[in-house]
Amino acid sequence: MNIDGLSEATLEKFIARGFIHDFGDIFEIAKHRDEIVEMDGFGEKSFENLIASLDKAKETTLAKVIYSLGIANIGLANAKVICRHFDDDLEKIRHADEEEVSSIDTIGPVIARSLTDYFAKEENNKKLDHLMSYLTIKKEEKTGLLATVANNARQYGIVGALLVIVVAFEVLTGGVLLKPNSFVSLIQQNAYVIILAIGMVMVIIATHIDLSVGSLVAFIGGVCALLMERAGVNWMLAIVIALVVGLIVGVWQGFWVAVIGIPGFITTLAGMLIFRGLATVIVGESVPITSLEFRGIARNYLPNILGWWGPFDGLTIVLGILCIVGFAWSQLRKRARVAKVGLVPEPMSLTVLKIVLAAVVIAFVTYLLASSGNADQGGTPIMLVIVGVLVFIYNFILTKTVFGRHVYAVGGNRKAAILSGINTRRVDFLLFVHMGFLSAVAAVCMLSRLASATAQAGMEFEMDAIAACFIGGTAVTGGIGTIPGAVIGAFVMGVINQGLSIMGVDTAVVKTIKGLVLLLAVAVDIMSKRKKS
């Protein structure tokens, strides 16, 4: 229950003066009028505004009431899930047992125990009865298409912005941007941003930052190149060793953050300097890559095992069809699961619209890929497969596993996460291990594309990855963000890069425009939160 004029500081003053002893006393504050108007910072006008806000707050939802009780581990989203499961029946919630509550999808035993323990205490029930005597509970209504879109304006706005930018540059470049080979080049050139953004979004959600990823790309790329060209190591074994080095670096940085307690910003700032220095020492000027197989990672396509269907690669067409079917199935399944646990699903018309629009986009991308390449090969780039697999795996980790839920919990409220029994140090440690691994993958992909290791590789990569996350909707304050959003943000940056490059715009101007786009994205995020609050 948001009550304008009743800040935490004001509430503490009222409690200290004995005006408030439990939740219901808040709505009896009018009887202390004479004392309140004499308090510092108050007056007749402030008091009248407070009373008006209290009257307005009396009409609320049961989910907001449950959330306002301050039960451990229960935020507004969880409160909504619980209330919808019990059809907004307070008595059912009060008398539900732990097993029943924990069976609710997304709730689990920890939250269930907190809820049942709270209502097991008679004192808590008396205080709630007192509060409920002043409230009018309204049920949440089903939202229509326009209302649902409006509530998710930020999410859909990012996708819309990407489409607008793509269309704009397609026009400005005279149709060059979306030529098949130009599109493949866009994927190959920006794969490193997507790979790094996958890890960066998780780090930022948990309220950290990683400034060392660009230096790690240079250092690990240098190690991989030296293994192949100086030590004669097989290219596949060199990749494995490079990934292990990335994990070791992740363990190193995770130790300083999680065990010693040094902030991630400072730890990775030190890492940026350390690994850039090490890259300069071990690589020197450059180490050219002679292995055609290794260089083919960034340049080659999946084997044309289904042959050519006219001018198109058959395998790519099949993959495109599977993607459309998979997306449609996932959206319908998601909607069914939401309805099953008592939540109000989005309108069917919106689900169908999303499937249709996604099918059109996937079909167009499939057309571009299937008609790309040269006389020898074409279709689906190997780099796209690597990126797609990583996005799928890490999106699953972040949204479907205990670790992923812990990442969001730590980012949303670290103190509450600690009190609920989450090992926040372990979460922080593993985040940097994952970041080290993904930096190694990005290093291998970048080395394959450049066909040469240099100490200057990876310059400003961390900035591109961070910008992709923020443009994709990740909150500056942590706790909010998605991997698909970061991927879209990376494509926004990539399209701007490639579009301006085709137009022959100076590099300095490109950086300026990217900076302005980042600033605008963060400003929109902050202003939208301010408006909601």
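Since this is a predicted model, take the numbers as computed values, not measurements.

Enquirer: Before we move on, can you summarise the packing of aromatic side chains with the specific residues and values?
Expert: Scanning the entire structure with this criterion turns up 8 aromatic pairs. With centroids separated by 5.3 Å and ring planes inclined at 75°, the aromatic side chains of F255 and W256 adopt a geometry described as edge-to-face. By relative accessible area, which is 29% here, W256 ends up partly exposed. Grouping aromatic residues by their ring pairs yields a cluster made of W252, F255 and W256.

Enquirer: Can you explain the nonpolar core? Please cite residues and give values.
Expert: Among the nonpolar cores identified, the biggest contains 82 residues, and L196 and F294 are the most heavily contacted of them. At 14 residues, the largest contribution of residues to this core is made by helix α12 (residues 180–205). Not counting residues up to four positions away in its chain, the partners in contact with L196 are V213, V217, M435, L438, S439, A442, F461 and A465. Listed in part, the 40 residues of the second largest apolar core include I20, M39, L50 and V101.

Enquirer: So what's going on with the packing of helix α13 (residues 213–229) against helix α22 (residues 424–450)? Residues and values would help.
Expert: Direction vectors running N to C along α13 and α22 enclose 60°, while the axes themselves pass 8 Å from each other. By the angle class used here, α13 and α22 are oblique. Crossing of α13 over α22 shows right-handed handedness. Within the contact between the two elements, α13 uses V213, L216, V217, I220, G221, C224, A225 and M228 and α22 uses M435, S439, A440, A442, A443, M446 and L447. Taken together, the residues of the contact of α13 with α22 sort by class into 13 nonpolar, 2 polar and no charged.

Enquirer: Give a description of helix α15 (residues 264–283) that names residues and reports values.
Expert: Compared with an ideal rise of 1.5 Å per residue, which puts 20 residues at 28 Å, α15 spans 27 Å between its outermost C-alpha atoms and is within 8% of the ideal. Burial in α15 covers these residues: G264, T267, T268, G271, F275, R276, A279 and V283. Burial along α15 is one-sided: seen end-on, the buried residues are contained in an arc of 160°. Seen from the buried face of α15, the exposed residues on the opposite side, beyond 90 degrees, are L273 and V281. Those residues of α15 hidden inside the fold are in contact with α13, α14 (235–260), β3 (287–288), α22 and β6 (452–453).

Enquirer: Describe the layout of surface pockets, naming the residues involved and giving the relevant values.
Expert: Size it by volume and the second largest pocket reaches roughly 670 Å³. If you go around the second largest pocket, you meet 26 residues; those closest to its centre are Y192, E460, D464, N497 and K514. Put simply, the parts of the chain that give the lining of the second largest pocket at least two residues each are α12, α22, α23 (461–471), α24 (483–502) and α25 (507–532). The greatest single-element share of the lining of the second largest pocket, amounting to 6 residues, is contributed by α25. Across the lining of the second largest pocket, the residue classes break down as 12 nonpolar, 9 polar and 5 charged.

Enquirer: Break down the environment of G379 for me, with residues and values.
Expert: Tracing the sequence through the fold places G379 in the loop between α18 (348–370) and α19 (382–400). Taking the C-alpha atoms as reference points, G379 and L302, 77 residues apart in sequence, are found 7.0 Å from one another. Ignoring anything within four residues of it in the chain, the contact list for G379 reads Y301, D313, T316, L369, A370 and S372.

Enquirer: Break down the state of the cysteines for me, with residues and values.
Expert: Enumeration over the complete set of coordinates arrives at 0 disulfides. Left unpaired, C323 is separated from the closest cysteine sulfur, that of C445, by 19 Å. C445 takes part in no disulfide bond, and the closest cysteine sulfur, belonging to C224, lies 11 Å away. A relative accessible area of 4% places C445 in the buried class.

Enquirer: Before we move on, can you summarise the pattern of salt bridges with the specific residues and values?
Expert: A full pass over the atoms with the stated rule returns 11 salt bridges. A salt bridge links D428 to R414, with the nearest nitrogen and oxygen atoms 3.0 Å apart. Note that D428 is positioned in helix α22 and R414 in helix α21 (residues 414–419), a separation of 14 residues in sequence. Residue classification places D428 among the buried positions, given a relative accessible area of 5%.

Enquirer: Would you mind going over empty space enclosed by the protein in detail, with residue names and values included?
Expert: Enumeration over the complete set of coordinates arrives at 2 cavities of 30 Å³ or more. Roughly 60 Å³ of volume is contained in the largest cavity. Along its surface, the largest cavity is lined by V217, A218, G221, G222, A443, M446, L447, L450, S452, A453, T454 and A457. For the lining of the largest cavity, the elements supplying multiple residues, two or more each, are α13, α22 and β6. When grouped by side-chain class, the residues that make up the lining of the largest cavity number 8 nonpolar, 4 polar and no charged.

Enquirer: Got a sec to walk through α12? Specific residues and values, please.
Expert: Helix length check: α12 (26 residues) gives 35 Å between terminal C-alpha atoms against 38 Å at 1.5 Å per residue, within 8%. Bending of α12 peaks at approximately 50° at the position of N190.

Enquirer: Outline unusual backbone geometry, supporting the account with residue identities and numerical values.
Expert: If you check the backbone angles, T207 has positive phi at about 70° while not being a glycine. Even without a glycine there, the phi angle at A451 is positive, about 60°. Relative to the helices and strands, A451 is located in the loop between α22 and β6.

Calculation criteria
Residues numbered from 1 in each chain as written. Predicted model: local features only at pLDDT ≥ 70, side-chain atom pairs only at ≥ 80, totals over all residues. Heavy atoms only, no water. Phe/Tyr/Trp six-rings, centres within 6.5 Å; stacked < 30°, edge-to-face > 60°. Buried < 20%, exposed > 50% of the residue type's maximum accessible area, 1.4 Å probe, protein only. Core = buried A, V, L, I, M, F, W, Y, C linked by side-chain atoms within 4.5 Å. Helix = DSSP H or I, 4+ residues; strand = E, 2+ residues; numbered from the N terminus. Contact = heavy atoms within 4.5 Å. Axes fitted to C-alpha atoms, helices over the stretch in contact; angles between N-to-C directions. Parallel < 35°, antiparallel > 145°, perpendicular 65-115°, else oblique. Left-handed = near helix turned anticlockwise from the far one by under 90°. Nonpolar A, V, L, I, M, F, W, Y, C, P; charged D, E, K, R; others polar. Expected span 1.5 Å × (residues − 1). Arc of directions from axis to C-beta. 1 Å grid on protein atoms, 1.4 Å probe; cavity = no way out; pocket = protein on both sides within 12 Å on 5 of 7 lines; lining within 4 Å. Points joined across faces, edges and corners; volume = space filled by probe spheres on them. Disulfide = S-S within 2.5 Å. Salt bridge = Lys/Arg side-chain N within 4 Å of Asp/Glu carboxyl O. Bend = angle between axes of the 7 residues up to and from the residue.

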